[in-house]
Amino acid sequence: MKIQIIKEMILGPRQLTFGFDNNTQKEQNFVISCIVEQFENHGQVVLDKFVAHVKEVHDLAEIDTLQYIFWSAQELKIHFRIDGKNITPFETKQILLQSPKKNVKIITNKNVKNSIFKDATSFYQKISKKNDDNDQYDFARSLLSDLKKWETSLCSFKPIAQKPFYPGCKKVNKHLQSLKILLAKQDSYSLIYSCYDNKEKIAEIADDVKIISKFYTKQVEFWELLIKSIEEFRANLSEIKKRSEIFSGFNRLIQILESSSPYDLITEAEKLLKMVSNHNDLIVQEKTKACRIKAISKIDAIIEKLVNLFDIYIPDQDQRNRFLYALRSAKKKIPQTANIKQIDIILYNTEDMYDDFIEELKES
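These lines cover the structure that appears in this document, whether it is placed above or below.

What counts, and at which threshold
Residues numbered from 1 in each chain as written. Predicted model: local features only at pLDDT ≥ 70, side-chain atom pairs only at ≥ 80, totals over all residues. Heavy atoms only, no water. Helix = DSSP H or I, 4+ residues; strand = E, 2+ residues; numbered from the N terminus. Rg over C-alpha atoms; globule rule 2.2 N^0.38 Å. Buried < 20%, exposed > 50% of the residue type's maximum accessible area, 1.4 Å probe, protein only. Contact = heavy atoms within 4.5 Å. Areas by Shrake-Rupley, 256 points an atom, 1.4 Å probe, with all protein chains shown as cover. Lys, Arg positive; Asp, Glu negative; His and termini not counted. Charge placed at Lys NZ, Arg CZ, Asp CG, Glu CD. Axes fitted to C-alpha atoms, helices over the stretch in contact; angles between N-to-C directions. Left-handed = near helix turned anticlockwise from the far one by under 90°. Nonpolar A, V, L, I, M, F, W, Y, C, P; charged D, E, K, R; others polar. Core = buried A, V, L, I, M, F, W, Y, C linked by side-chain atoms within 4.5 Å. Salt bridge = Lys/Arg side-chain N within 4 Å of Asp/Glu carboxyl O. Pairing = 2+ DSSP bridges. Phe/Tyr/Trp six-rings, centres within 6.5 Å; stacked < 30°, edge-to-face > 60°. Lys NZ or Arg CZ within 6 Å of the ring centre and 35° of its normal. Expected span 1.5 Å × (residues − 1). Bend = angle between axes of the 7 residues up to and from the residue. Patch = residues over 30% accessible without salt bridge, like charges linked within 9 Å, V, L, I, M, F, W, Y side chains within 5 Å.

**Some points on the overall build of the protein**
- In terms of helices and strands, the protein carries 15 helices and four strands.
- Against the globule reference of 21 Å for 364 residues, the protein gives a C-alpha radius of gyration of 38 Å, more extended than a compact globule.
- Projected onto the principal axes, the alpha-carbon positions of the protein cover approximately 125 × 55 × 30 Å.
- Per-residue burial for the protein yields a buried fraction of 40% across its 364 residues.
- Excluding contacts between residues fewer than 6 apart, the proportion of contacts in the protein whose partners are at least 24 apart in sequence is 69%.
- As displayed, the protein has an accessible area near 21,400 Å², and 50% of this comes from carbon and sulfur atoms.
- Here the protein contributes 56 positive and 51 negative side-chain charges, whose respective centroids are spaced 4 Å apart.

**Looking at the environment of Tyr-354**
- Summarising the element assignment, Tyr-354 is placed in helix H15 (residues 340–363).
- The class for Tyr-354 is buried, based on a relative accessible area of 9%.
- Along the sequence, Tyr-354 and Leu-324 sit 30 residues apart, while their C-alpha atoms lie 10.0 Å from each other.
- Not counting the four nearest positions on each side in its chain, Tyr-354 is found in contact with Ile-302, Lys-305, Leu-306 and Leu-309.

**Re the packing of helix H6 (residues 114–128) against helix H9 (residues 188–197)**
- Packing of H6 against H9 brings their axes to within 9 Å, and their N-to-C directions diverge by 65 degrees. Between H6 and H9 lies a crossing of left-handed hand. Together, Ile-116, Phe-117, Asp-119, Ala-120, Phe-123 and Tyr-124 of H6 and Ile-192, Tyr-193, Cys-195 and Tyr-196 of H9 make up the contact between the two elements.
- Across the contact of H6 with H9, the residue classes break down as nine nonpolar, no polar and one charged.

**Observations regarding the nonpolar core**
- Ranked by size, the top nonpolar core spans 52 residues in total, and within it Trp-150, Trp-223 and Leu-253 carry the most contacts.
- Among the secondary structure elements, those contributing two or more residues to this core are H6, helix H7 (136–161), helix H8 (169–182), H9, helix H10 (199–234), helix H12 (244–258) and helix H13 (266–313).
- Take this core: its biggest share by element is 15 residues, from H10.
- With near-sequence residues (within four places) excluded, Trp-150 lies in contact with Tyr-124, Leu-179, Ile-202, Ile-205, Ala-206 and Val-209.
- Val-51, Tyr-68, Ala-73 and Ile-106 belong to the second largest nonpolar core, which has 29 residues in total.

**Considering the pattern of salt bridges**
- Within the structure shown, the criterion is met by twelve salt bridges.
- When the shortest N-O distance is used, the salt bridge between Glu-268 and Arg-252 registers 2.8 Å. Here Arg-252 lies in helix H12 and Glu-268 lies in helix H13, a separation of 16 residues in the sequence.
- Relative accessible area serves as the criterion here: at 26%, Arg-252 is assigned to the partly exposed category.
- By sharing partners, the salt bridges in this structure join Arg-81, Asp-135 and Asp-138 into a single network.

**Some words on the sheet that holds strand S3 (residues 85–87)**
- Taken together, four strands build an open sheet; the order of strands is S1-S4-S2-S3 and the sheet is antiparallel. What marks the edges here is a single partner per strand, and that holds for strand S1 (45–46) and S3.
- Of the strand pairs in this sheet, S1 and strand S4 (residues 105–108) are connected by two bridges, and their pairing is antiparallel. Following the sheet pairing, Val-46 is matched in S4 by Lys-105.
- Along the sheet, helix H5 (residues 89–98) contacts strand S2 (78–82) and S3; its crossing angle with S3, the most-contacted strand, is approximately 100 degrees.

**Some details on the packing of aromatic side chains**
- This structure, assessed with the given rule, holds 15 aromatic pairs.
- Aromatic pair Phe-157 and Tyr-216: ring centres 5.5 Å apart, planes at 20 degrees, arrangement stacked. Note that Phe-157 is positioned in helix H7 and Tyr-216 in helix H10, a separation of 59 residues in sequence.
- Owing to a relative accessible area of 9%, Phe-157 belongs among the buried residues under this scheme.
- Every member of this aromatic cluster is reached through a ring pair, and the members are Phe-157, Phe-215, Tyr-216, Trp-223 and Tyr-263.
- The residue whose ring lies beneath Lys-110 is Tyr-189, and the NZ or CZ to ring-centre distance is 4.2 Å.

**Side note on H10**
- Helix length check: H10 (36 residues) gives 46 Å between terminal C-alpha atoms against 52 Å at 1.5 Å per residue, more than 12% under.
- Maximal helix bending in H10 amounts to about 70 degrees, located at Gln-219.

**Observations regarding the pairing of S4**
- For S2 and S4, the ladder comprises four bridges, and the chain directions are antiparallel. In the strand pairing of S4, His-79 is matched with Ile-107.

**Some points on a negative patch on the surface**
- On the surface, Glu-351, Asp-352, Asp-355, Asp-356, Glu-359 and Glu-363 cluster together into a negatively charged patch.
- By the element assignment, Glu-363 lies in helix H15.
- Residue Glu-363 is classed as exposed on the basis of its relative accessible area, which comes to 69%.

**A closer look at a positive patch on the surface**
- A cluster of like positive charges, contributed by Lys-129, Lys-210, Lys-214 and Lys-218, occupies part of the molecular surface.
- Following the sequence through the fold, Lys-218 ends up in helix H10.

So, in structure tokens, the structure goes:
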């Protein structure tokens, strides 16, 4: 802010003339209404930014806006605030003359009853674990900061919470709607009354945000693994059913997965998942072993069929060797496969290769 403009600020009571300038009074009231609106929407008004805003949006000269603000502060309609303390217009002017870029805030003089303020702070100290003995403005700023943090956290969790088998979607939507109402007006007066009038709701949001945040920051990777594992277990369900303990564990995992509030069940789910996974791994190993034996048998049969065709089409030795080498190489890959899917791929490619060999024999 320009020092020259600050120097021209008139302090002390105004000299009113007969028939006080109605236009000046209207402009001052308009500036105050803009301050109140900004304070309700954003929770704070910074002096230099506000003066520039009024100039840009409403085309009111900066010197006029600033003078109206100083007069209003002198009349105690608003207050200047620097470094956490309310200060007089005279002190504000002196500070700005020394440091024109100093962060000066404007707050309204509307305070809640002290009994209500004490009740609200006592309640909030219990859920926030903050013991600062702040004044009404500082308390409201702290409360506003927490409410906005909760809103940001819930918004970040909302996309994944909406996916199937992920918990908390209803609570996330419910609390975001509540926070939207609580944050509709962000001035200290409105926020303190919101805290006072909605203690039960705010306490519920605080508890749920803590629980949901822990889940989606520290436990969600396990949850993803659980969802994936359940699908893998379903492929072997007939074998799992043969072991009552394992099948019981599988069913309990399904219950936990479908629970609307599984947060206290994560430890139990981790133990059950390990037990069922170990058994499922054994099933997969046996299935893979049997699949390898079957695949090798199929490739042996293909080789035998191809050799029989050699008696019909009589290929040259190089062609015979090339065909047999390719099929036997495919057969050697089977024992090194990691899973049934890889076996199926090798077998499919081998059968496709056999068909190509037959076409080549017919054309030669």
